[in-house]
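# Remarks on the overall topology
The lines below spell out each chain.
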Amino acid sequence: MPQQKALVAAEIGLHARAAAVFVRAVTETGLPVTIRKTDGKPVDARSLLEVMTEDFGHGCEVLLEVAPDALTDSQTLWTARNALAALSSVLEAPEAR
């Protein structure tokens, strides 16, 4: 399963603007990405409500994942890993873009 760890850098965590920027980036990948705290349950990273409800605060370590069975021929493992790396960069930016 493609995975990527990241730290939430936004000062207020994944709330309002930062969460919207992240969810938009996830949606643009076309992949069913989940996000979770390292000790938490995964939530759909394409859902603004689910992301904001989990309270991913500043400095929180999260795990981004794509289930391998969700990948089609055009969505290779390489594509998923690159998408997760890009999403990690979005989370680790100090301010929402």
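Reading the values: rules and limits
- Residues numbered from 1 in each chain as written.
- Predicted model: local features only at pLDDT ≥ 70, side-chain atom pairs only at ≥ 80, totals over all residues.
- Heavy atoms only, no water.
- Axes fitted to C-alpha atoms, helices over the stretch in contact; angles between N-to-C directions.
- Helix = DSSP H or I, 4+ residues; strand = E, 2+ residues; numbered from the N terminus.
- Parallel < 35°, antiparallel > 145°, perpendicular 65-115°, else oblique.
- Contact = heavy atoms within 4.5 Å.
- Nonpolar A, V, L, I, M, F, W, Y, C, P; charged D, E, K, R; others polar.
- Expected span 1.5 Å × (residues − 1).
- Buried < 20%, exposed > 50% of the residue type's maximum accessible area, 1.4 Å probe, protein only.
- Core = buried A, V, L, I, M, F, W, Y, C linked by side-chain atoms within 4.5 Å.
- 1 Å grid on protein atoms, 1.4 Å probe; cavity = no way out; pocket = protein on both sides within 12 Å on 5 of 7 lines; lining within 4 Å.
- Points joined across faces, edges and corners; volume = space filled by probe spheres on them.

As recorded by an unreviewed UniProt entry, the protein chain carries the name Phosphocarrier protein HPr and is attributed to Paenarthrobacter nicotinovorans.

### A word on the packing of helix 1 (residues 16-29) against helix 3 (residues 77-92)
For any two helices packed against each other, one specifies the crossing angle of their axes together with the interaxial distance. Interhelical geometry of helix 1 versus helix 3 gives an angle of 170° and a closest axis separation of 10 Å. Considered as vectors, helix 1 and helix 3 are oriented roughly antiparallel to each other. Residue-level inspection shows Val21, Phe22, Ala25, Val26 and Thr29 of helix 1 in contact with helix 3, the latter providing Ala83, Leu87, Val90 and Leu91. In terms of residue class, the contact of helix 1 with helix 3 is made up of eight nonpolar, one polar and no charged.

### A few points about the environment of Lys37
By the element assignment, Lys37 lies in strand 2 (residues 33-37). For the pair formed by Lys37 and Glu54, sequence separation is 17 residues and the distance between their alpha carbons is 8.6 Å. When near neighbours in sequence (up to four residues on either side) are disregarded, Lys37 contacts Glu54, Asp55, Phe56, Cys60, Glu61 and Val62.

### A look at helix 1
If you check helix 1, its first and last C-alpha atoms are 20 Å apart, about what 14 residues at 1.5 Å a residue would give, namely 20 Å. Looking only at helix 1, the buried set comprises Ala18, Ala19, Val21, Phe22, Val23, Ala25 and Val26. Buried residues in helix 1 make contact with strand 2, helix 2 (48-53), strand 4 (61-66) and helix 3. Just downstream of helix 1, Gly30 is the residue with a positive phi angle, here 75°.

### Overview of the nonpolar core
One recurring pattern in soluble globular proteins is that nonpolar side chains are buried together. Core analysis: the largest hydrophobic core is formed by 29 residues, its most contacted members being Leu14, Phe22, Val33, Ile35 and Phe56. For this core, the secondary-structure elements that each account for two or more residues are helix 1, strand 2, strand 4 and helix 3. With seven residues, helix 1 is the largest single contributor of residues to this core. Residues contacting Phe22, with those up to four places away along its chain left out, are Leu14, Ile35, Ala45, Leu64, Leu87, Val90 and Leu91.

### Focus on empty space enclosed by the protein
Over the atoms, a rolling probe the size of a water molecule traces out where space has been left empty. Applying the stated criterion to the full structure yields one cavity of 30 Å³ or more. Quantified by volume, the largest cavity comes out at close to 70 Å³. For the largest cavity, the lining is made up of 11 residues, of which Ala10, Ala18, Val90, Leu91 and Ala93 are closest to its centre. Taken together, the elements giving at least two residues each to the lining of the largest cavity come down to helix 1 and helix 3.

### Points about unusual backbone geometry
Positive phi values are uncommon outside glycine, yet Ala16 reaches one of about 45°. Residue classification places Ala16 among the partly exposed residues on the basis of a relative accessible area of 45%. Notably, Asp55 is not glycine yet its phi reads approximately 55°, a positive angle.

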